[in-house]
Each structure stands twice: as C-alpha cells, then as structure tokens.
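Topology and contacts: notes
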Amino acid sequence: MLAAGTAYRCYCSPEELDRMREDQRARGEKPRYDGRWRPEPGKDLPEPPAGVAPAIRFRNPREGVVAWDDLVKGRIEIANGELDDLVIARGDGTPTYNFCVVVDDRDMGITHVIRGDDHVNNTPRQINILAALGARVPLYAHLSMILGDDGTKLSKRHGAVSVMQYDEDGYLPDAVINYLARLGWSHGDEEIFSRAQLVEWFDLDHITASAAQFNTEKLNWLNAHYLKHADDEVLGAEIVRRLGAQGVSTADGPPPARAAALCKDRVGNLNELADAVHAFYVVPHAAPELKAQHLTDGSLAALRDLRGRLAACDWTREALNKAIKETVAAAGVKMPQVAIPLRVVLLGQPQSPSIDAVLEVLGRDRVLGRLDAAL
RNA sequence: GUCCCUAUCGUCUAGAGGCCUAGGACAAUACCCUUUCACGGUAUGAACCGGGGUUCGAAUCCCCGUGGGGACGCCA
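Residues numbered from 1 in each chain as written. Chains lettered and ligands numbered in written order. Predicted model: local features only at pLDDT ≥ 70, side-chain atom pairs only at ≥ 80, totals over all residues. Heavy atoms only, no water.

**Some remarks on the overall build of chain A**
Operational definition: Going along the chain from the N terminus, every DSSP run of H or I of four or more residues is numbered as a helix, and every run of E of two or more is numbered as a strand. Only C-alpha atoms enter the radius of gyration, while the globule expectation follows 2.2 Å times N to the 0.38, with N the number of residues. Exposure categories follow from relative accessible area, calculated using a 1.4 Å probe and restricted to protein chains: below 20% of the type maximum is buried, above 50% is exposed, and the middle band is partly exposed. When checking whether two residues touch, look at their non-hydrogen atoms; a contact exists if any pair is within 4.5 Å. Here the open area of atoms and residues is found with the Shrake-Rupley method and a 1.4 Å probe, where only the protein chains shown may cover a residue.
Tallying secondary structure elements over chain A gives 16 helices and nine strands in all. A globule of 375 residues ought to have a C-alpha radius of gyration of about 21 Å, yet chain A, at 34 Å, is considerably larger. Dimensions of chain A, computed from the C-alpha atoms along their principal axes, are close to 110 × 45 × 35 Å. Out of the 375 residues in chain A, the part that is buried amounts to 41%. Partitioning the contacts of chain A with sequence separation of at least 6, the portion at a separation of at least 24 is 67%. Accessible surface computed for chain A: about 20,200 Å², of which carbon and sulfur atoms make up 52%.

**Here we look at the state of the cysteines**
Let me state the cut-off plainly: Counting rule for disulfides: a pair of cysteine sulfur atoms within 2.5 Å.
Across all of its chains, the model carries zero disulfides by this definition. The closest cysteine sulfur to the non-disulfide-bonded Cys-12 is located on Cys-10, 3.7 Å from its own sulfur.

**Re the pattern of salt bridges**
As a reminder of what qualifies: Salt bridge, as used here, is a side-chain nitrogen of Lys or Arg placed within 4 Å of a carboxyl oxygen of Asp or Glu.
Counted according to the given criterion, the structure contains 28 salt bridges. The salt bridge partner of Arg-38 is Asp-85, with a shortest N-O separation of 3.0 Å. Placement of Arg-38 in the loop between α1 (14-26) and β2 (55-58) and of Asp-85 in the loop between β4 (74-79) and β5 (87-89) is noted, with a sequence separation of 47 residues between them. Here Arg-38 and Asp-85 have matching classes, each one buried. Across the pair Arg-258 and Glu-360 runs a salt bridge, and its minimum N-O distance is 3.9 Å. Here the residue Arg-258 occupies a position in helix α9 (residues 256-263), and Glu-360 occupies one in helix α15 (residues 355-362), the gap between them amounting to 102 residues. Among the charged side chains, a network of salt bridges with common partners joins Arg-38, Glu-40, Arg-59, Arg-62 and Asp-85.

**Focus: α15**
Taking burial as the measure, the eight residues of α15 include seven buried ones, the bulk of the element. One or two positions beyond α15, positive phi appears at Gly-363, with a value near 100 degrees.

**Looking at the protein's contact with RNA strand B**
Applied cut-off: Each residue is tested against the molecule or strand, and it is near if at least one of its non-hydrogen atoms lies within 4 Å. Any pair of nitrogen or oxygen atoms within 3.5 Å is treated as a polar contact; in protein, a donor-acceptor pairing is required on top of that, and neighbouring residues in sequence qualify only through side-chain atoms on both sides. Side-chain classes are defined by residue name, with Ala, Val, Leu, Ile, Met, Phe, Trp, Tyr, Cys and Pro counting as nonpolar, Asp, Glu, Lys and Arg as charged, and the others, Gly among them, as polar.
Around RNA strand B there are 57 residues in total, and Gly-28, Arg-90, Lys-153, Arg-266 and Asn-321 lie nearest to it. One of the side-chain nitrogen or oxygen atoms of Glu-191 is found 2.6 Å away from a base nitrogen of RNA strand B. At a separation of 3.3 Å, a phosphate oxygen of RNA strand B approaches a polar side-chain atom of Lys-228. For the surface near RNA strand B, the elements supplying multiple residues, two or more each, are α1, β2, α2 (97-108), β9 (212-213), α7 (216-228), α14 (335-347) and α15. Within the surface near RNA strand B, the residues separate by chemical class into 18 nonpolar, 19 polar and 20 charged.

See the structure below:
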C-alpha cells in the first residue's frame, strides 16, 4: 500500500495528536487527524524527525461518498470528507484493528459481516481499505444494541454482561437463547421456539433496526416455561449441582429427578427449584411462629391419627390421599387444617405441592421419622 | 460539538399504501380452577412521538423538529 500510494508514514507523536484533538474540540469541530504527513501533489512534507518510528496511515479518499446497503438498516451513505486517515500500523509495526479485520475478511473470503451497531462508523473506512486492496466488499448487517431493564446502556450494574451470570441466576440455556433471539428479531407472533426452529426460521429480513430494552420479567416467564417442559433427569442434575454448592448432599433423599418433577412447574428458575426441594434432603426447622400458628393441640391430634394410618398405608399417591381424607373426616375439619400442619412438620413451611404427592416422593421412612420427631 | 442510526401499548414486537375498529407476548387488573402457595384458563384496560407534505387513501413513503442510541484512539 505504501508503494501504491494508498498509505503513508506519519511521524506525529501521541502528544501532538492529543493536542490536535483538544484544539479541534475547543473549536467545536469533529476531532480528526489533519493530514499533516499526508502526501499531496505539490505539497512540501516536513522533514521526518530523527529517531521516530512512524505509524502507517491509510490515505482515505477526500472526495465522494462511501455507501452500502446495510441488510438491517438499509442504505447508509457517509461523505469521505467526514473520514480521516486512520492508523493501520503502529510505530512498532503491529497492525491495528480496522486493518486486521479487513485483511482477515478478505483472506477468508467472508461474504456477510454481521455485527453490532457500534461498528457502523468503522464500515466506511473498512470499505475504503478493501477498495484500496482491490478486494470484494462483503455484505454488512448491523444489529442494534440491547439496553438494560431501565432503558440505559447495558453495564456491569445490570448484571447481564456475562453469559455465566445467567447460569448462576438459574436460567436455562434454551430460555436465554429464545429470549435473546426474540429481542430484536421476530418470526410473526412466535414467542416460544426451539433452537432448531430458530435455526430454520432465522433471517436477516426480520431484524429490528432500533435498540431494544432488556425485560427480565419476560425472560423469567420464558424460563419458567422451559423449566416446566425440561427433562426431569436434567433438572435433577441441576438440583444436585446447586444443592451441592451449598454443601447439601442429595444422597440420603429421594431421587432428585422425582423431586424435580414434583416442583418444576411451580418455580421460575433453577435456584428456586433447588430451594423448593431443599427440605427433601435436609431435616427442616420450622420457624417458631409457624409452629405456634399451625401446630395446635387439635392439629397435632389429627396428625397422630394420620401417623397411624400412614404406617399401614400402601405408599402410593392414591392410598396416601385416601388416608389423609380419612383423617380429615375423622377429625371433622377441612383439608387445609390437616394439610398445612403436615407441611410444617414435614417441610418446615406451610406451602408445598399437593401434600399426597409430597408424601409419596419423600418416602415412608422420612415421613414417619419426621412425624415422630414432631409428635 | 460534529457525523451516523433510530422512533407502534409500561416492555418485546406484528405491520412491505387500502386486509388496521392497529394483532400477539410479558407485565397489570378482574374472574374461574384449587388441598396451601404456585401453575393453568378466561376476560379487560393499554400504542402508531409532534408538525408539514406525497396520494383517492399513510402506522407504512418524503422533509423538518423532538426524544433515544452509537461513533469520533498508534482500543477492539
């Protein structure tokens, strides 16, 4: 490029360039290289200072416009007069980003450049360099940015910067992919689609041109949906992993997959799922207020009655349900008056999935053991 | 400051000049279901940023304004 005259050496020092930009800003101008080392016909260049390793600058055309038909934003035109001569190689000879990508795209025969909005301004420079190299110009598609929940730029404060954060927060990969894909792209009214459907449907024609705002509530909804339809074994493994991270072993409890099946359609994420099944693996301690409220003389009497029935009961959900209903009838109370104290005793909390299903999954030994400890 | 991009319910979006009395989803509200808490089901409210054009006809095309975003490095 030096030989062809499409690039030239620039001996400006960083301090000199800083001063140049400061002055320009002070005058309300767009900061840019002023071309003092750019060779022109009939122009006298300064004498190269001794001992300075020059940077190489691209000699950007001064006249005309650069234009391309962006696959997302349509035609974009930028006057060459707006572009300055960018450095393509540093004083130490290493190439800069805008030069690297151009050379790499050319060598690899890249046909489509799909990237963030923030690169729109680099595109005309890259097209000019490509032209100087005699290379074919690829197609460009510039995707708009994603803003945080509060409508401002995404940052560390929003917590959505690293994909690993989603894992930590209990999101399923399919939910994250589905949500992110739908944010800024659409396929009619489709809201829920598998990765295979995404691959089949995805196209550049239905990408939104404007910036989208991240909506955690909708992600949560999608995640809950994927959780309901997820494989029990996969969820079981997540329970083992997440409980294990808290130092809780699942070895002495019911199979994690069964616990997952019981709770997966009532939680929003994997951490909540782990919390929901926690009491299956660790003997719970109900809060004193809960005990005072629910473990009255009457309810404890009913539980004693139930304990007797359960001891002789087939351990199936149907039989367990029948036993509970018999206790309810015998005590002359309503279902919640037995079910809730039972939950407090077995799980340490007043809410749970259907109590008969909980008994079934918890298992006879653990149920009777916890009842005996409370009675 | 200069240049570039952008603008439909609170949010994500459908919408390619008449199919729009603007559709779907999240969220909200109400009701239903119910063995608690959830899940789920049904229904309701909610938008074309403003102003000018073009056209028989504009959410859709053009211009201006305003709002939002991005870029102005020997960073990537």
